[in-house]
Amino acid sequence: MHTSASEPFDFNPFDEATRRVPWALFARARREHPVWRHEGLPVSSVFRYADCQAILRDPKTWSSVFPTPPGFDPEDVPRSMLVTDPPAHTRLRGLVSQAFTPKRIRELAPRIEAIAHELLDDALARREIDLVEALTYPLPVIVIAEMIGVPADDRARFKAWSDALVAPLGSIFFAPPSPEMVAEQRRIRTELEAYFVRLVEDRRRTPKDDLLTALVQAELEGSRLSFDELLAMLILLLVAGNETTTNLIGNAALELLAHPDALAALRADPSRMPAAMDEVLRCSSPVQMDPRLATRDVELQGTTIPAGEFVLCWLGSANRDEAVFERSETFDIGREKNPHLAFGFGPHYCLGASLATLEAVVAVRVLIERTRSFARPDDAPLPLHPSIVFRGVRSLPLALEPA
Ligand code: HEM
């Protein structure tokens with residue numbers, strides 16, 4: 001990895017060593033190459049906090065609507081709120097935002113806690129577990145499936161769909177998709193559509209007290225939500241919230257293993273958990289990169305980004321920017337101010353931020369309460385999430401000692 005000013009700088013987000021420990025490279029990029037053009041590609045990486053924040057808050061200049069990648073038909077790419085700009089974005093977000101207010105989310109706390117205990121009951125009986133399989137994957141899926149009103153027992157299928165949908169995320173900016181990737185994405189979309197069509201028809205006949213019924217009612221009113229938008233919304237909610245929250249809980253366990261003092265402080269005073277999760281979000285951001293498209297020629301730190309080119313906002317770097325965070329490379333759960341960008345910024349600020357934080361707070365608190373200790377059985381390198389968008393591990397073997 002190049003970190004010294006005398007060596008030529010290069011940033012390859014696919015390089016495995018860089019993905020595992022990008023921090024020194026990010027720090028050098030913030031100092032010397034705050035906007036880095038990827039050679040031969042219509043893509044620049046952006047590393048400073050102020051630049052990422054300015055981009056994310058300005059959807060007129062920096063759009064979330066990307067051209068359909070070569071090989072895909074426009075129908076292959078679901079147009080969820082994530083990939084729309086205001087005013088279409090405002091309308092779509094308005095339809096679901098009621099379900100995600102901090103008050104509504106707080107009401108879910110007892111149920112989230114019950115699920116965490118149930119999952120850990122099974123795990124503790126085994127002592128040696130994969131934390132991802134036992135807790136970090138199932139917890140967010142069960143919670144969102146119950147909120148939407150889809151059977152949580154189908155979660156193995158959701159995982160297969162979700163893994164397949166997100167694996168290529170990010171790579172599309174660096175190389176055109178292969179015909180196999182296009183075919184795979186089309187197959188997944190067809191399967192998801194068939195799955196949800198049945199559930200939508202069911203709610204049309206028999207309304208229930210769930211998010212799916214609320215969305216179906218908006219769809220029935222016609223002008224408010226088309227069927228394609230409804231489908232895109234369901235896929236987004238099911239996928240966007242799961243990969244990310246799984247990674248947050250896993251990254252939290254890893255940070256606490258690396259910082260036994262922080263773990264001891266949380267055992268002594270669990271009320272510090274929300275601040276601790278914010279520090280995990282800052283130091284080990286589950287979403288590392290947030291892309292936008294320039295709608296006009298824009299100058300950024302002396303580099304011109306032509307209209308139609310992409311910028312990749314590296315949230316993982318912004319969150320360690322020394323211009324904003326004191327001792328920015330230090331994991332410190334006692335930080336007073338922590339305005340991290342891990343949930344994005346501006347109109348697309350994560351809809352599920354309160355939910356994700358609550359799930360992580362509860363999951364880690366229950367893990368700590370139910371164990372005297374947890375430790376990695378060996379130092380083998382953990383398998384990384386395949387997409388450069390995410391920071392997280394696909395499995396996390398742990399030895400548990402019950403409390
Ligand atoms: C730790 C967990 C999570 C992280 C780090 C995270 C991160 C993010 C980020 C960075 C964005 C902004 C994307 C952009 O600027 O284009 C976003 C948007 C979004 N997130 Fe999350 N997210 C998490 C959990 C969740 C959960 C649990 C849900 C809901 C079930 C959720 C639903 C959404 C939705 C619907 C959007 C799109 C919002 C919009 O376009 O207006 N996220 N998330």
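Preceding block: the structure.
(A) Representation of the coordination of the iron atom of the ligand. The sole protein-derived ligand of the iron atom of the ligand is Cys350 (SG), positioned 2.3 Å away. Within the secondary structure, Cys350 sits in the loop between helix H15 (315–318) and helix H16 (353–370).

(B) Seen up close, empty space enclosed by the protein. All chains considered together, the criterion is met by 2 cavities of 30 Å³ or more. Taken as a whole, the largest cavity spans an internal volume of roughly 130 Å³. Together, 13 residues line the largest cavity, and Thr18, Arg19, Pro22, Gln288 and Ile388 are the ones closest to its centre. For the lining of the largest cavity, the per-class residue count stands at 8 nonpolar, 3 polar and 2 charged. If you add up the space inside the second largest cavity, you get close to 30 Å³. Lining the second largest cavity, in full, are Leu131, Leu135, Ile249, Ala253, Ala363, Val364 and Leu367. Of all elements in the fold, only helix H7 (131–136), helix H12 (227–258) and H16 reach the threshold of two or more residues within the lining of the second largest cavity. Of the residues forming the lining of the second largest cavity, the biggest block, 3 residues, is contributed by H16. Split by residue class, the lining of the second largest cavity holds 7 nonpolar, no polar and no charged.

(C) Here's a closer look at the site of the ligand. Not every one of the 26 residues close to the ligand is listed here, only the nearest: His89, Arg93, Asp290, His348 and Cys350. His348 is positioned such that a nitrogen or oxygen atom in its side chain is 2.6 Å from an oxygen atom of the ligand. Secondary-structure elements contributing two or more residues to the shell around the ligand are helix H4 (88–97), H12 and strand E5 (289–294). If you tally residues by element for the shell around the ligand, the top one is H12, at 6 residues. For the shell around the ligand, a count of residues per class yields 16 nonpolar, 7 polar and 3 charged.

(D) Geometry of the pattern of salt bridges. In the structure shown here, the tally under the stated rule is 24 salt bridges. When the shortest N-O distance is used, the salt bridge between Glu32 and Arg28 registers 2.8 Å. You can see Glu32 and its partner Arg28 sitting in helix H2 (residues 23–32), 4 residues apart, about one turn around the helix. What makes Glu32 partly exposed here is its relative accessible area of 31%. Among the salt bridges present, the one from Arg292 reaches Asp290, with a minimum N-O distance of 3.1 Å. Note on Arg292: relative accessible area 5%, which makes it buried.

(E) Fine view of the sheet that holds strand E4 (residues 128–130). Here we have 3 strands laid out as an open sheet, ordered E4-E10-E9, and antiparallel in their pairing. Edge strands, defined here as strands with exactly one partner in the open sheet, are E4 and strand E9 (371–375). Adjacent strand axes in the sheet meet at a mean angle of 30°, parallel and antiparallel pairs treated alike. Where E9 lies against strand E10 (residues 397–402), 4 bridges are found, and the strand directions are antiparallel. From the neighbouring strand, Ser373 faces E10, where its bridge partner is Glu401.

(F) Up close: the sheet that holds strand E8 (residues 310–314). With mixed pairing, the 5 strands of this open sheet are ordered in space as E1-E2-E8-E5-E3. On the outer flanks of this sheet lie strand E1 (35–37) and strand E3 (62–63), each paired with one strand and no other. By the bridge criterion, 2 bridges tie E3 to E5 in an arrangement that is antiparallel. Each residue of the ladder has a partner; that of Trp62, found in E5, is Ala294. Across the sheet, helix H3 (residues 49–56) lies against strand E2 (43–46), E3, E5 and E8, angled at about 125° from E8, the strand it touches most.

Rules behind the numbers
- Residues numbered from 1 in each chain as written.
- Predicted model: local features only at pLDDT ≥ 70, side-chain atom pairs only at ≥ 80, totals over all residues.
- Heavy atoms only, no water.
- Donors = N, O, S within 2.8 Å, 3.2 Å for Na, K, Ca; no water.
- Helix = DSSP H or I, 4+ residues; strand = E, 2+ residues; numbered from the N terminus.
- 1 Å grid on protein atoms, 1.4 Å probe; cavity = no way out; pocket = protein on both sides within 12 Å on 5 of 7 lines; lining within 4 Å.
- Points joined across faces, edges and corners; volume = space filled by probe spheres on them.
- Nonpolar A, V, L, I, M, F, W, Y, C, P; charged D, E, K, R; others polar.
- Near = heavy atom within 4 Å.
- Polar contact = N/O pair within 3.5 Å; in protein donor to acceptor, adjacent residues only side chain to side chain.
- Salt bridge = Lys/Arg side-chain N within 4 Å of Asp/Glu carboxyl O.
- Buried < 20%, exposed > 50% of the residue type's maximum accessible area, 1.4 Å probe, protein only.
- Pairing = 2+ DSSP bridges.
- Axes fitted to C-alpha atoms, helices over the stretch in contact; angles between N-to-C directions.
- Contact = heavy atoms within 4.5 Å.

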